[in-house]
Amino acid sequence: MARARAKRPTYRRSGAAPRRAAAYPRLTHRPNLSLWLIAAAVVFVLILIPFVGPTIGEAILNFRDALVSLLGLAVLLLVIGLVVNGGLALGRHFTLSRIFWRRWVGSLLLGITVCGIMALFRPDWSIGGTSLAEVTAGGDLGHVLMGSPSGILIWLGLTFLGIVMLWPRQVTWLIQHLPDLWRALVQMRLPDEVATGLRSLGSIFLPRAEPSRSEPFPALPEGWDEEPAASTPEAVVQGELPLQEAPAQEAAEAVSPSGPAAVAAAPPVTGRPAAHGWELPLLDILQPTPEIDVKQTDNTARAQLIEETLASFGVDARVIQINQGPAITQFGIEPGWEVKTRTVIERDNRGRPVYDKDGNPKHKTEVVSRTRVRVSQITSLANDMSLALAAPSIRIEAPVPGKPVVGIEVPNSTPSLVTLRSVIESTAFQRIAARSKLALALGKGVSGETVAADLSRMPHLLIAGATGSGKSVCINSIIACLLMHNTAEDMRFVIIDPKRVELAAFAPIPHLAFSRIVVDPEDVVSTLQAVIHEMESRYRRFAAVGVRNIEGYNRSPRAVHKMPYWVVIIDELADLMIAAPYHVERQICRLAQLSRATGIHLIIATQRPSVDVVTGLIKANFPTRIAFAVSSQVDSRTILDGAGAEKLLGRGDMLFMPTDASKPKRLQGCYVSDQEIERIVRFWTDDRFRHIRPEVADHLLQEVKGIADVEEEADPLLEQARELAQEHTRISTSLLQRRLHVGYPRAARLIDQLEAEKVIDTAEGGQSRRVLNPQEEEPLI
């Protein structure tokens, strides 16, 4: 027991307990007396070397001059390094390990690199008895390295070796990613950036050529009128006066550059700076329109009239909210109580009737039941309230989402205009634009609140409305909003316009993915197939980089270049469904199901929301929808799965159904004028963007057309299908599937080829096709 007790304190002091040592490793080492004395002596001597005098001795002075002649100013680096390491040795903070020697050797090699750099300078300084003007600032060592081509090669090799020894992991990573870094530098277009900067500096410092004031202005061309004195450039730009339109060549030849017409026709010179030499248009390019406010007295009078009308039909309700919007005012109705009473004889405490002075029994009224007024009682009086308010139509929202009221939406007597600029400047839009490049300015609600949405979260949009309801203006405002916040490197458009004139103003912009706007319905199938090929190509690139969506790809350091968003806009779906219903529906559904992760989004509009145009498959893949005024409740149910759109007023009045809402929200859409569109297009077609305009993807269209030609020519079953058609009077796709043992897509292509060869007739409402020239048996005599 005594021995065990004696060993326990020794065991604790020795620090040899394996568990304690594993949990708390010692950070310092045992002191070494010889190392301490040597380090102290070296530090003391090296500190005194630059300041020694003749009293120390001639040998030390000669050693100092030789060291300065060899290293020049780099001798100070040597002294600092020895002092630092001597201090570390005194503090016992390092050991003579392999890492220590690797770092020391790397530091010495980089010190030699510094000597080579300093050898390029000869300052008029002296250290001790050595003049740096004779031996250079890098000493004789630096002069030898930089004095010959072979010495320069040795200097470069020593520099690289020193960097490798000091930072081996970083150098290894740099060598592995050198091709990717080189491609990234190439994509930055540094020569173009430098040229753009030089041109900008030249435009700032070089004076512009101004016309001589002594020369009179030439006469205006025929058909042009002189503008009045009030037609200032500011008034023209703000939209107070209409812009004069004339051919550009005549204007350039006839009007002086300093005239007001030239100022109005000139595109905006400056914009918000963007990446890679691009600029974004300023908000000044959009004109703000003052909105007309509805008088509060009108709303108060109409609220009283609503209460009186409901009371006249025996409905107890009162207006507790008035939400005024640009075109609609919503009155919040709180249902009252439906009270049932009865008249009984008044009795005293003993239960005996109470009589008046004439001897007649007294009667009193008591409440039998008290129940809330049903919402259906209010909604059933919509036509009566519309008659009382002298309104063309009213819409009742029962109940208002998130509020315990029934909303009665009454049109304003003086509706106001919602401009695109007013919505873009709002806080709600800026909040969405801060996190997404595809922010859309939709309009303002019935309460005047701004409504914006993110296209990347929709992720596709279906728009429907009758002619003149504001559908085309909505598409123009969406395109203009995207052009205000995205360069051609960030986003590309694929525009399909079967009407040929609705979206023709955007043809010159550099954002088009293809070289032109698609207007021929026969080219729509190949265009959509090209978009599908682009989607599949993006998925292959995602797999190669190891990401899931376009946001991860653009953030990945392995990505060669940034991938732009694609927005496919189809202005009229009904024309396409008539031309090629099967192919268009299949391609639209495939894109809607798979293209979200690749950054490809669809915006489809139609003026005929019937079930044969907006099919069930298309509706299932487009959860976000916008309905403008339609002609019937059936069309409203087709687009929104509910009534309400048939009661809209038109001219931008719409119902917006987001993905996260159970009921549509009524909005007044944004309005963008033709002059604003022209200014936006003029900004993007400026010559300063010509050298950085991205390439179009017409090769995708050529590949699709080549594949289609090969498929049509190389189908070996076409002859068998032709023979099968000659054996029957009518033929269908299902018949080809059974007889030829093929799938539906191939059978449908064979049917199309037989129709192109005039072997069978056109489709007759989904029935079988009639064979035009069947082989008929000769009649028996």
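The structure displayed is predicted, hence computed values, not measured ones.

Calculation criteria
- Residues numbered from 1 in each chain as written.
- Predicted model: local features only at pLDDT ≥ 70, side-chain atom pairs only at ≥ 80, totals over all residues.
- Heavy atoms only, no water.
- Helix = DSSP H or I, 4+ residues; strand = E, 2+ residues; numbered from the N terminus.
- Buried < 20%, exposed > 50% of the residue type's maximum accessible area, 1.4 Å probe, protein only.
- Contact = heavy atoms within 4.5 Å.
- Axes fitted to C-alpha atoms, helices over the stretch in contact; angles between N-to-C directions.
- Parallel < 35°, antiparallel > 145°, perpendicular 65-115°, else oblique.
- Left-handed = near helix turned anticlockwise from the far one by under 90°.
- Nonpolar A, V, L, I, M, F, W, Y, C, P; charged D, E, K, R; others polar.
- Pairing = 2+ DSSP bridges.
- Core = buried A, V, L, I, M, F, W, Y, C linked by side-chain atoms within 4.5 Å.
- Patch = residues over 30% accessible without salt bridge, like charges linked within 9 Å, V, L, I, M, F, W, Y side chains within 5 Å.
- Areas by Shrake-Rupley, 256 points an atom, 1.4 Å probe, with all protein chains shown as cover.
- Salt bridge = Lys/Arg side-chain N within 4 Å of Asp/Glu carboxyl O.
- Phe/Tyr/Trp six-rings, centres within 6.5 Å; stacked < 30°, edge-to-face > 60°.
- pLDDT = per-residue confidence, 0-100.
- Disulfide = S-S within 2.5 Å.
- Arc of directions from axis to C-beta.

Trainee: Mind showing me how you'd approach the overall build of the protein here?
Mentor: Helices and strands together make up the secondary structure of the protein, namely 32 helices and 21 strands. Per-residue burial over the protein gives 39% buried out of 781 residues. Once local pairs closer than 6 in sequence are excluded, the contacts in the protein between residues at least 24 apart make up 64%.

Trainee: Honestly, the packing of helix α30 (residues 718-726) against helix α32 (residues 744-756) in this entry has me stumped. Any pointers?
Mentor: The angle between the axes and the distance between the axes are what describe a pair of packed helices. Running from N to C, α30 and α32 point in directions that differ by 70 degrees, and their axes come no closer than 10 Å. Classed by the angle they form, the pair α30 and α32 counts as roughly perpendicular. The handedness of the crossing between α30 and α32 comes out as right-handed. Of the residues in α32, those touching α30 at L718, A721 and R722 are L750, Q753 and L754. Of the residues belonging to the contact of α30 with α32, the class tally is four nonpolar, one polar and one charged.

Trainee: For this particular structure, what's the right way to read unusual backbone geometry?
Mentor: Glycine aside, residues mostly have negative phi, and peptide bonds are mostly found in the trans state. Along the chain, A398 connects to P399 via a cis peptide bond; the corresponding omega equals -10 degrees. Summarising the element assignment, P399 is placed in the loop between β9 (395-397) and β10 (406-411). Residues M458 and P459 are joined by a peptide bond in cis, for which omega reads -10 degrees. Note that P459 resides in the loop between β12 (450-454) and β13 (461-464). In this structure, R500 takes a positive phi of about 75 degrees despite not being glycine. Note that R500 resides in the loop between β14 (491-496) and α22 (524-545).

Trainee: Is there a simple way to think about the sheet that holds strand β5 (residues 317-324) in this case?
Mentor: Note on sheets: strands pair through backbone hydrogen bonds, and any given pair is parallel or antiparallel. Ordered by their spatial adjacency, four strands build an open sheet running β5-β6-β10-β9, and the pairing between neighbours is antiparallel. Of all strands in the sheet, those bounded by a partner on one side alone are β5 and β9. Recorded for the sheet is a direction-independent mean angle of 25 degrees between the axes of neighbouring strands. Bridging between β9 and β10 involves three bridges; their strand directions are antiparallel. Residue pairing in the sheet places R395 in a bridge with E409 of β10.

Trainee: What's the story with the environment of T136 in this structure? I'm lost.
Mentor: Residue position: T136 is located in the loop between α7 (132-135) and α8 (139-146). The exposure class of T136 is buried, given its relative accessible area of 1%. T136 sits 12 residues away from D124 along the chain, and the two C-alpha atoms are 9.4 Å apart. Contact partners of T136, with chain neighbours within four places excluded, come to G72, A119, F121, R122 and H143.

Trainee: I keep staring at the nonpolar core and nothing clicks. Help me out?
Mentor: It is characteristic of soluble globular proteins that their nonpolar side chains tend to be buried jointly. Formed by 66 residues in total, the largest nonpolar core has its most connected members in L442, I463, F493 and F506. Counting residues per element, this core draws most heavily on helix α21 (residues 471-485), which supplies nine residues. L442 has contacts with V423, V451, A452, A453, I626, M654, F656, L667, Q668, G669 and C670, leaving out every residue within four places of it along the chain. Residues I496, M535, A574 and M577 belong to the second largest nonpolar core, which totals 46 residues.

Trainee: Would you explain the pairing of strand β18 (residues 653-657) in this entry?
Mentor: Residues in a regular strand project their side chains so that they alternate between the two faces of the sheet. A large share of β18 lies buried, amounting to five of its five residues. In β18, alternate side chains face the same way, and those of D653, L655 and M657 on one face and M654 and F656 on the other are all buried. Relative to β18, strand β17 (residues 624-627) is paired through three bridges, and the arrangement is antiparallel. Within the sheet, the bridge partner assigned to R625 lies in β18 and is M657. Note that β18 and strand β19 (residues 665-669) share four bridges and pair antiparallel. Bridge pairing in β19 places L655 opposite R666.

Trainee: Can you help me understand the pairing of strand β6 (residues 328-335) in this one?
Mentor: The buried count for β6 comes to seven of eight residues, which makes it a mostly enclosed element. Both β5 and β6 contribute to a ladder of seven bridges, which runs antiparallel. Across the sheet, the residue bridging to Q324 is T329, located in β6.

Trainee: What exactly am I supposed to notice about a nonpolar patch on the surface here?
Mentor: Where nonpolar side chains cluster on the molecular surface, the patch consists of W173, L174, L178 and L181 and spans about 380 Å² of accessible area. Mapped by element, the contributors of at least two residues to the nonpolar patch are α10 (168-176) and α11 (178-187). Within the element layout of this structure, L174 appears in helix α10. Residue L174 is classed as partly exposed on the basis of its relative accessible area, which comes to 42%.

Trainee: Please explain the packing of aromatic side chains as it appears in this structure.
Mentor: Geometry of an aromatic ring pair is reported as the spacing of the ring centres plus the angle between the planes. A full pass over the atoms with the stated rule returns eight aromatic pairs. Geometrically, the ring pair formed by F514 and W566 is edge-to-face, given 6.0 Å between the ring centres and 80 degrees between the ring planes. Linking F514 in the loop between β14 and α22 with W566 in strand β15 (residues 565-570), this pair joins segments that are 52 residues apart in sequence. The residues F514 and W566 share a single accessibility class, namely buried.

Trainee: Before we go on, may I ask you to explain the side chain of T113 in this structure?
Mentor: Assignment of secondary structure puts T113 in helix α6 (residues 98-118). With relative accessibility at 9%, the residue T113 sits in the buried group. Every residue in contact with T113, bar those within four places of it in the chain, is listed here: W155, L158 and T159.

Trainee: What is the right way to read the confidence of the model for the protein from this model?
Mentor: When pLDDT drops low, the exact placement of atoms in the prediction is not to be read closely. Across the protein, the average pLDDT comes to 78, with 75% of residues at 70 or higher. Ignoring residues within four places in sequence, the model shows residues 1-33, a span with pLDDT below 50, making seven contacts including any to other chains. Contacts of residues 775-781 to residues separated by more than four positions or lying in other chains number one contact, the stretch itself having pLDDT below 50.

Trainee: Would you explain the state of the cysteines in this entry?
Mentor: As used in these notes, a disulfide is a covalent bond between sulfur atoms, one from each of two cysteines. For the coordinates displayed, the defined rule picks out zero disulfides. In this model C474 remains outside any disulfide bridge; the closest cysteine sulfur is found in C670, 8.2 Å from its own.

Trainee: Would you mind going over helix α27 (residues 633-640) with me for this structure?
Mentor: An α-helical segment advances 3.6 residues per turn. Residues three or four places apart therefore align on the same side. D635, S636, T638, I639 and L640 are the residues of α27 that are buried. Viewed end-on, α27 has its buried residues packed into an arc of 165 degrees, placing them on one side of the element. Where the residues of α27 are buried, they touch β13, α26 (616-620), β17 and β18. Once α27 ends, the next one or two residues include D641, with phi positive near 60 degrees.

Trainee: Would you mind going over the pattern of salt bridges with me for this structure?
Mentor: Any two side chains of opposite charge can pair, so long as their charged atoms come close to each other. Scanning all chains against the criterion turns up 25 salt bridges. E449 is paired through a salt bridge with K665; the nearest N and O atoms lie 3.2 Å apart. Of this pair, E449 sits in the loop between β11 (439-445) and β12 while K665 sits in strand β19; the two residues are 216 residues apart in sequence, bridging distant segments of the chain. Relative accessible area serves as the criterion here: at 28%, E449 is assigned to the partly exposed category. The exposure class assigned to K665 is partly exposed, which follows from its relative accessible area of 36%. With a shortest N-O distance of 4.0 Å, R457 and D454 are connected by a salt bridge. Among the ionic contacts, a cluster of salt bridges with common partners joins R395, E409, D653 and R666.

Trainee: Would you explain the packing of α22 against helix α25 (residues 581-594) in this entry?
Mentor: The N-to-C vectors of α22 and α25 enclose an angle of 25 degrees; their axes lie 10 Å apart at closest approach. On the basis of the axis angle, α22 is roughly parallel to α25. The handedness of the crossing between α22 and α25 comes out as left-handed. On the side of α22, the interface is formed by V525, L528, Q529, V531, I532, M535, E536 and Y539, while α25 contributes H583, V584, Q587, I588, R590, L591 and L594. Each residue belonging to the contact of α22 with α25 can be placed in one class, and the counts come to 10 nonpolar, three polar and two charged.

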